[in-house]
Amino acid sequence: MAGRNVLIVYAHQSPASFNAAARDVAVEVLEQQGCRVVISDLYAMNFSPSATVRDITGQLRNPEHFCYGDESMWAWEEGRLSDDIKEEHRKVEEAELIIFQFPMYWFSVPAILKGWLDRVLTQGFAFSLVKMYNNGIFKDKKAILSFSTGAPESMFLPDGINGDMNVTLWPLQNGVLHFCGFQVLAPQIFWAPTFCPPQVRKAMLEGWRARLGGLWEEAPLTFAPSELFDLSFTGGYRLWPHLKEERSGEPYGITTGHHLGKPLPPNNQIKVTPQDDQTRATPPDDHAHPKN
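Residues numbered from 1 in each chain as written. Predicted model: local features only at pLDDT ≥ 70, side-chain atom pairs only at ≥ 80, totals over all residues. Heavy atoms only, no water.

Participant: Please clarify how the overall build of the protein chain should be interpreted in this entry.
Facilitator: Across its full length, the protein chain holds 7 helices and 6 strands. Each helix and strand of the protein chain, placed in order from N terminus to C terminus, yields the pattern β-α-β-α-α-β-α-β-α-β-β-α-α. Taking 2.2 N^0.38 as the reference for a compact globule, 292 residues should give roughly 19 Å; the C-alpha atoms of the protein chain span a radius of gyration of 20 Å, in line with that estimate. Projected onto the principal axes, the alpha-carbon positions of the protein chain cover approximately 55 × 55 × 40 Å. (Helix = DSSP H or I, 4+ residues; strand = E, 2+ residues; numbered from the N terminus. Rg over C-alpha atoms; globule rule 2.2 N^0.38 Å.)

Participant: Explain unusual backbone geometry here, please?
Facilitator: Residues other than glycine predominantly adopt negative phi, and peptide bonds predominantly adopt the trans conformation. Phi at Phe107 is positive, roughly 65 degrees, even though this residue is not glycine. Along the chain, Phe107 falls in the loop between strand S3 (97-103) and helix H4 (111-120). The class of Phe107 is partly exposed, set by a relative accessible area of 39%. Phi is positive for Asn267, close to 55 degrees, though the residue is something other than glycine. Positionally, Asn267 belongs in the segment after helix H7 (241-246). (Buried < 20%, exposed > 50% of the residue type's maximum accessible area, 1.4 Å probe, protein only.)

Participant: How should the nonpolar core be read in this particular structure?
Facilitator: Where a protein is soluble and globular, its nonpolar side chains tend to be buried together. Membership of the largest hydrophobic core comes to 40 residues, with the highest contact counts inside it found for Phe100, Leu113, Trp116 and Met165. Looking at this core, the elements with two or more residues in it are strand S1 (5-10), S3, H4, strand S4 (142-148) and helix H5 (165-178). Judged by nonpolar contacts, the second largest core, of 25 residues, contains Val37, Ile144, Cys196 and Met204. (Core = buried A, V, L, I, M, F, W, Y, C linked by side-chain atoms within 4.5 Å.)

Participant: When you look at the side chain of Asp164 in this model, what are you seeing that I'm missing?
Facilitator: Within the secondary structure, Asp164 sits in the loop between S4 and H5. Apart from residues no more than four positions distant in its own chain, Asp164 is found in contact with Phe156, Leu157, Pro158 and Leu264. (Contact = heavy atoms within 4.5 Å.)

Pasting the structure below:
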């Protein structure tokens with residue numbers, strides 16, 4: 001573990017917050033392991049959450065019809081992104097593990113953290129339609145969401161009023177992190193610390209401390225391998241038909257998102273479960289690659 005680089009992307013305004021305490025525990029434990037820990041304290045940095053033309057220096061390719069995704073990709077290729085994005089790119093490139101520490105806002109991340117995702121995970125730098133999911137650019141890096149909620153766990157159960165937390169986390173964990181290739185570790189969820197007595201909050205932090213001790217050895221969450229899909233525009237990037245038929249008798253869908261109209265696999269986005277045997281679901285050789 002010695003010498004490993006960790007980036008903590010931290011999004012909370014108060015140094016007295018529970019999230020600040022969780023951040024500090026992570027720094028302490030990881031540095032004791034010999035890791036080099038870098039923190040992007042987004043509020044302290046006054047990090048801009050808005051993806052705008054100001055992120056690009058030099059002349060635009062198409063100033064008449066500005067497209068942020070294309071222009072930022074070209075700017076990245078040509079070294080014309082703003083300095084704050086370049087600095088975050090450097091941190092991401094060096095990191096072997098990224099911890100996102102934040103309070104959950106409106107079933108998602110705070111705006112300043114959403115802006116970090118929008119601006120820093122630049123097309124080309126973080127993903128492409130060729131390099132995505134398990135073949136993604138960051139497939140050798142780990143990432144984990146560590147966050148507090150404003151409601152107790154019971155409200156985020158499948159029969160709770162807020163709905164299944166697995167569904168809530170799917171866009172972030174699959175649609176952002178796994179899409180960029182990250183090995184996504186099971187989230188560290190601190191349920192409603194604001195409403196917990198001091199001893200419970202202390203126990204939460206001690207649980208995080210204990211987990212951090214073995215975090216590098218943890219297996220990541222299971223996602224559907226890209227090889228299960230026809231990765232072509234003509235095929236619509238959909239599950240190979242014969243695999244869909246083969247799975248018709250399975251009790252659950254493949255993942256929270258690839259449910260195939262079946263019950264969701266239990267806690268697919270919260271707990272690591274043994275991987276299914278994918279060998280039976282791998283396309284034959286003549287279908288293994290996208291057809292142009």
